[in-house]
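Survey of secondary and tertiary structure
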Amino acid sequence: QVQLVESGGGSVQAGASLRLSCVASGRTDSISIMGWFRQAPGKEREFVAAIGRSGGTTRYADSVKGRFTISRDNAKKTVYLQMNSLKPEDTAVYYCAADLGIIILTSSRVYEYWGQGTQVTVSS
């Protein structure tokens, strides 16, 4: 089993930055892809970004390209999401997810492990 714990959410004004962290524990050697998803009230959970095992491969949703950066520190078993130039439409609960596969996919259905989520609220 793998446990994921997110942190770093909060309430900020538009244009501000936040950095989310996700620490993994348990059988982390099995993890390959790490990703971030988000879910706004009344909406489906959507893909934000993901990163491969070595950190050399990343993928982003079009809505966050150029503003968000995903990274990982395997020694610390942590994945980060640096969010810059935040907009009110970025308001959501952000979830960390882990996939045992080797190809970055954007569907939430392929991710085996999930954190509890951290709230990000951006006011205008």
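Structure's up top.
Each chain has its residues counted from 1, running along the sequence as written. Per-residue local features are limited, in this predicted model, to residues with pLDDT of at least 70; the limit for side-chain atom pairs, both in listing and counting, is 80 or more; totals at the level of whole chains, interfaces and linings are taken over all residues. Neither water nor hydrogens contribute to the side-chain values; these are computed over all heavy atoms in the structure.

1. Examining the overall build of the chain
Numbered from the N terminus, helices here are DSSP runs of H or I no shorter than four residues, and strands are runs of E no shorter than two. Across its full length, the chain holds 0 helices and 11 strands. The helix and strand sequence of the chain, counted from the amino end, reads β-β-β-β-β-β-β-β-β-β-β. Atoms counted for the radius of gyration: C-alpha only. Globule rule: 2.2 Å times the number of residues to the power 0.38. In terms of overall size, the chain behaves like a compact globule, its C-alpha atoms giving a radius of gyration of 13 Å where 124 residues would be expected to give roughly 14 Å. Reported as C-alpha extents along the three principal axes, the dimensions of the chain are approximately 40 × 30 × 25 Å. Categorising residues by exposure relies on relative accessible area from a 1.4 Å probe, with only protein chains included: less than 20% of the type maximum marks a residue as buried, more than 50% marks it as exposed, and the intermediate range marks it as partly exposed. A buried classification covers 41% of the 124 residues belonging to the chain. Seen as two clouds, the 14 positive and the 10 negative side-chain charges of the chain have centres 3 Å apart. For the charge count, each Lys or Arg is scored as positive and each Asp or Glu as negative, with His and the chain ends excluded. For this purpose, a charge sits on NZ of Lys, CZ of Arg, CG of Asp or CD of Glu.

2. Re the side chain of Arg-38
Along the chain, Arg-38 turns up in strand 4 (residues 33-39). Looking at Arg-38, its side chain comes within polar contact range of the side chain of Asp-90, at 2.9 Å. Whenever two N or O atoms come within 3.5 Å, that pair is a polar contact, provided that in protein one can donate a hydrogen and the other can accept it, and provided that, for residues adjacent in sequence, both atoms are side-chain atoms. Engagement of the side chain of Arg-38 in a polar contact is seen with the side chain of Tyr-94, the distance being 2.9 Å. Apart from the residues within four sequence positions on either side, Arg-38 is in contact with Glu-44, Arg-45, Glu-46, Val-48, Ser-63, Val-64, Phe-68, Glu-89, Asp-90, Ala-92, Val-93 and Tyr-94. In this analysis, two residues are considered to be in contact whenever any of their non-hydrogen atoms come within 4.5 Å of each other.

3. Regarding the state of the cysteines
Among covalent bonds in proteins, the disulfide is the one between the sulfur atoms of two cysteines. Counting rule for disulfides: a pair of cysteine sulfur atoms within 2.5 Å. The tally for this structure, following the rule as stated, stands at 1 disulfide. The disulfide bridge from Cys-22 ends at Cys-96, spanning 2.1 Å between sulfur atoms. Residues Cys-22 and Cys-96 are joined through a disulfide that is left-handed, its torsion about the S-S bond being -80°. Taken together, the residues span a long stretch of sequence, with Cys-22 in strand 3 (residues 18-26) and Cys-96 in strand 9 (residues 92-99) at a distance of 74 residues. Taking relative accessible area as the criterion, Cys-22 reaches 1% and is therefore assigned buried.

4. Re the nonpolar core
Nonpolar side chains in soluble globular proteins tend to end up buried together. If you look at the biggest cluster of nonpolar residues, it comprises 35 residues, and the most contacted ones within it are Leu-4, Met-34, Trp-36, Leu-81, Met-83 and Tyr-94. For Leu-81, the contacting residues outside a window of four places in its chain are Leu-18, Arg-19, Leu-20, Trp-36, Val-48, Ala-49, Phe-68, Thr-69, Ile-70 and Tyr-94. What we call a nonpolar core is a set of buried Ala, Val, Leu, Ile, Met, Phe, Trp, Tyr and Cys residues that are connected through their side-chain atoms within 4.5 Å.

5. Here we look at the environment of Gln-1
For Gln-1, the position within the fold is in the segment before strand 1 (2-7). Between the C-alpha atom of Gln-1 and that of Ile-102, which follows or precedes it by 101 residues, the distance is 18 Å. Beyond its immediate sequence surroundings of up to four residues, Gln-1 is in contact with Ser-25, Gly-26, Arg-27 and Tyr-113.

6. Re the packing of aromatic side chains
Aromatic contacts are taken between Phe, Tyr and Trp rings whose centres are within 6.5 Å, Trp giving its six-membered ring; a plane angle under 30 degrees counts as stacked, one over 60 as edge-to-face, and the others as tilted. If you walk through the whole model with that rule in mind, you get 5 aromatic pairs. The structure contains a cluster of three or more aromatic residues connected by ring pairs, namely Phe-37, Phe-47, Tyr-95, Tyr-111 and Trp-114. Lysine and arginine charges are scored as sitting over a ring when NZ or CZ, respectively, is within 6 Å of the ring centre and within 35 degrees of the ring normal. The cationic tip of Arg-45 hangs over the ring face of Trp-114; the distance from NZ or CZ to the ring centre is 4.8 Å.

7. Observations concerning the sheet that holds strand 8 (residues 78-83)
Between any two strands, pairing holds if DSSP finds at least two bridges. The strand order across the open sheet formed by 4 strands is 1-3-8-7, and the pairing between neighbours is antiparallel. The outermost strands of the open sheet, each flanked by one partner alone, are strand 1 and strand 7 (68-73). Across this sheet, the average inter-strand angle for adjacent strands is 15°, counted without regard to direction. Inspection of the sheet shows strand 1 paired to strand 3 by 6 bridges, in the antiparallel sense. Bridge assignment links Val-2 to a residue of strand 3, and that residue is Gly-26. Geometry is summarised by axes, namely lines fitted to C-alpha atoms with helices restricted to the contacting stretch, and by angles between N-to-C directions that run from 0 to 180 degrees.

8. Here we look at the environment of Gly-66
Mapped onto the elements of the fold, Gly-66 is located in the loop between strand 6 (58-60) and strand 7. Using a relative accessible area of 83% as the deciding quantity, one classes Gly-66 as exposed. For the pair Gly-66 and Ile-103, spaced 37 residues apart in sequence, the C-alpha separation works out to 22 Å.

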